[in-house]
Structures are given as structure tokens and as C-alpha cells.
Amino acid sequence: MDNHPRGLPAPPPPGSAALPPGTYAGQVVLVTGGGSGLGKAIAAEFARLGADLVIASRRARQLEAARAELAAVPGAGRVTAAVCDVRDPERVADVFDAAEAALALPDVLVNNAAANFPCPAEDLSPNAWRAVVDTTLTGTWFMTREFGRRHLAAGTPGSIVNIGASYAWTGGPGFAHSAAAKAGVKNLVETLAVEWGPYGVQVNGLVPGLFPHEDMSEDIRGGLERAAPGAKDARQPALRVGVPRELGWAATFLASPYARFVTGHTLVVDGANWQRRSLVSPEVVPLRDQLGRPPFGH
């Protein structure tokens, strides 16, 4: 009998779908941060199921490349792109106006746009704090508010999926700005699910674990390599990292007709990594030392 750990099985191959073909045919899905990384991976799975897509981001060139890539996904509906800074409520309204003019009022909103970088809390400047909180929390709120108000006014159902982070529960040393913002995002899920449920609007959260992808920022990628040079899989209970399409499958389920009674819930897709504990706690290494920074004030 082979007792060697093998970890969780690999997912189905690229191109597989988690739901019946055409699940999102005739529906419009708006994904912020959809021009790259996990946002694009999520958008691809909605496209595979027949959705018409609106992808939004601040980078026009990146958006156009992503739009062409997503339009080529087998089963995809129409795909449009909109340059948008989610921190600007007027621009947010413009994006919804453009979506309605080109396609229709989005049936699904995926709030994926966020900002982040590692930094000791004592080194965070006011501008650094605002850069992350305004994008991650306030931007999510502006998008969510616009979506909710339009559906409530029209009397139509809708579904919102907010991309969160596990340190909304645990705290995030080195990411005080992002952890605080993501805690707010999680709370919006729980608050608005109750407020808007009577009007047919679902609100759920989706938390990714470690999903390496080609668009990861250099500081995040560098941190992973420092923590686990060449051995990321061994640091996960699943003995592997996530594949971006797995996050897309989770998002398509949460917003689908098959999850209509699921609302106010945050689904963590991380192979149980955030729940991992050691029998003996490792030695505490101050964050400044982990980041290779000199003592504060020097």
C-alpha cells in the first residue's frame, strides 16, 4: 500500500466547463480588472458558457488584447472593453451606461479590481494607504452601488461576486492596507446580501489562494520566491497551487441559476491553505526582516 502523500488531484483540462454549455447565453457579465490575471481567467469561464462580456480596467492596451483573446474563447458571446478607474464614481456610471448601450444592463458583476503591495504598516504613507483602500474597497463599493441601484430601479434580479482575501478574517501582516480593505469587502457581501435579497440581487464573495499567473506583480512574485524558492507546492496542504480556471469555475457557479439560494457567503478556494497550522509555531521573524528593510527610522 502506497502511503506517500500525493495532494489534491489536478483539475480537468483547459477548455472544460463546470456548468452546462450556454448557462450564461443571453446574459451580460461585467468583470473589473478583467484585462489581466485572475480577472481575465474568470471572464474566460463566463465566456465559455455563452456570456456577453464587458471587461473593465485602467489600461487600454491591455484591455484590447484581452478583449480579442476572450472573444476567441469557444462559446463566447459578444465581448466589449471599457477603460475605467473604479475609484471615480462618474466613470463607473459611464461604464454601466456604455454596457447598456452596447449590450444590456449587466446581469452579473464581478468585482475583481484591486491594488496591493507588501509594506510594513509603519512605512505606509497616506497616499499608499489611499491607493489600495480606494481601489479595493471604495472602488468595489462604487461598482456595487451602481449595479444595485440600476437593478432595484428596473426591478430585475442580479448577482454580484466580490473577490476577497483570507486575511479579511486573519489579518495580514505586511498588508495592513489591503487586509483592512478586504475585510470591508467581505462585510459588504454580508450586509448587502440581506438588504438586496428581497429585490432578487445576490451578493457573494470569492477568495483565491495561491494561483500563480503571468500577470503577477514583481513584488508579489518575489515574495513567493523568497518564501519558497522552487517549492511552492510543498507549502500547500493540497501539495499543489491553484490553476486560474479553477477560480473561474467557482465564480461561474456562485453567479449561476444553480446557486440562487447562496447569498451572503464567501467561498474560499485555496486548498485549505489559510487554515493550516503547525504543531509547533515557527519562530517569529519581524516583518521588516522578512522584507529586508532596515530598522524603522534609519
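Just above sits the structure.
Rules and cut-offs
- Residues numbered from 1 in each chain as written.
- Predicted model: local features only at pLDDT ≥ 70, side-chain atom pairs only at ≥ 80, totals over all residues.
- Heavy atoms only, no water.
- Helix = DSSP H or I, 4+ residues; strand = E, 2+ residues; numbered from the N terminus.
- Rg over C-alpha atoms; globule rule 2.2 N^0.38 Å.
- Buried < 20%, exposed > 50% of the residue type's maximum accessible area, 1.4 Å probe, protein only.
- Phe/Tyr/Trp six-rings, centres within 6.5 Å; stacked < 30°, edge-to-face > 60°.
- 1 Å grid on protein atoms, 1.4 Å probe; cavity = no way out; pocket = protein on both sides within 12 Å on 5 of 7 lines; lining within 4 Å.
- Points joined across faces, edges and corners; volume = space filled by probe spheres on them.
- Nonpolar A, V, L, I, M, F, W, Y, C, P; charged D, E, K, R; others polar.
- Pairing = 2+ DSSP bridges.
- Axes fitted to C-alpha atoms, helices over the stretch in contact; angles between N-to-C directions.
- Core = buried A, V, L, I, M, F, W, Y, C linked by side-chain atoms within 4.5 Å.
- Contact = heavy atoms within 4.5 Å.
- Parallel < 35°, antiparallel > 145°, perpendicular 65-115°, else oblique.
- Left-handed = near helix turned anticlockwise from the far one by under 90°.

Describing the overall build of the protein
Across its full length, the protein carries nine helices and seven strands. Taken over the C-alpha trace, the protein has a radius of gyration of 19 Å; the compact-globule value for 298 residues is 19 Å, and the two agree within 12%. Oriented by its inertia axes, the alpha-carbon framework of the protein measures out at about 55 × 55 × 40 Å. Looking at the protein as a whole, 46% of its 298 residues are labelled buried.

Remarks on the packing of aromatic side chains
All told, the structure shown has three aromatic pairs when counted by the stated rule. Taken together, a centroid distance of 6.0 Å and an interplanar angle of 25 degrees make the contact between Y167 and F175 stacked.

Structural notes on the layout of surface pockets
If you roll a probe as big as a water molecule over the atoms, it shows you where there is empty space left. By volume, the second largest pocket amounts to about 280 Å³. Surrounding the second largest pocket, 16 residues form its lining, K40, A41, A44, E69 and P244 being those nearest its centre. Of all the secondary-structure elements, those providing two or more residues to the lining of the second largest pocket are α1 (37-48), α2 (60-71) and α8 (244-254). Ranked by residue count, the leading element in the lining of the second largest pocket is α1, at six residues. Partitioning the lining of the second largest pocket into residue classes produces six nonpolar, three polar and seven charged.

Regarding empty space enclosed by the protein
Tallying each qualifying case throughout the model produces one cavity of 30 Å³ or more. Of the voids in this model, the largest cavity is the one considered here, and its volume is about 50 Å³. For the largest cavity, the full set of lining residues is N162, I163, G164, A165, A168, K182, V185, K186, V189, G205, V207 and T266. At the level of secondary structure, the elements contributing two or more residues to the lining of the largest cavity comprise β5 (158-163), α6 (176-196) and β6 (201-208). Take the lining of the largest cavity: its biggest share by element is four residues, from α6. Here the residues of the lining of the largest cavity sort into six nonpolar, four polar and two charged.

Regarding the sheet that holds β6
In space, the seven strands of this open sheet follow the order β3-β2-β1-β4-β5-β6-β7, with parallel pairing throughout. The strands lining the two open edges of the sheet, one partner per strand, are β3 (79-83) and β7 (266-269). Each strand axis lies, on average, 20 degrees off the axis of its neighbour in the sheet, ignoring direction. Note that strand β1 (residues 28-32) and strand β4 (residues 108-111) share three bridges and pair parallel.

Description of the nonpolar core
Of all hydrophobic cores here, the largest spans 31 residues; its most connected members are Y24, V29, F46, L53, V110 and L206. Contact partners of V29, with chain neighbours within four places excluded, come to Y24, F46, A51, D52, L53, V54, V108 and V110. One finds V54, V95, I160 and A193 within the second-largest nonpolar core, a separate group that totals 25 residues.

Some remarks on unusual backbone geometry
Among all residues save glycine, negative phi is the norm, and among peptide bonds the norm is trans. Although it is not a glycine, L239 sits at a positive phi angle of roughly 60 degrees. Among the structural elements, L239 can be located in the loop between α7 (218-227) and α8. Of note, A272 is a non-glycine position whose phi angle comes to about 70 degrees, a positive value.

Some points on the packing of α1 against α2
At a minimum axis separation of 10 Å, α1 and α2 run at an interaxial angle of 30 degrees. Our classification of the angle between α1 and α2 gives roughly parallel. Read as a crossing pair, α1 and α2 show a hand that is right-handed. From α1, K40, A43, A44 and A47 reach across to α2, where they touch A66, E69 and L70. Among the residues making up the contact of α1 with α2, the classes are represented as five nonpolar, no polar and two charged.

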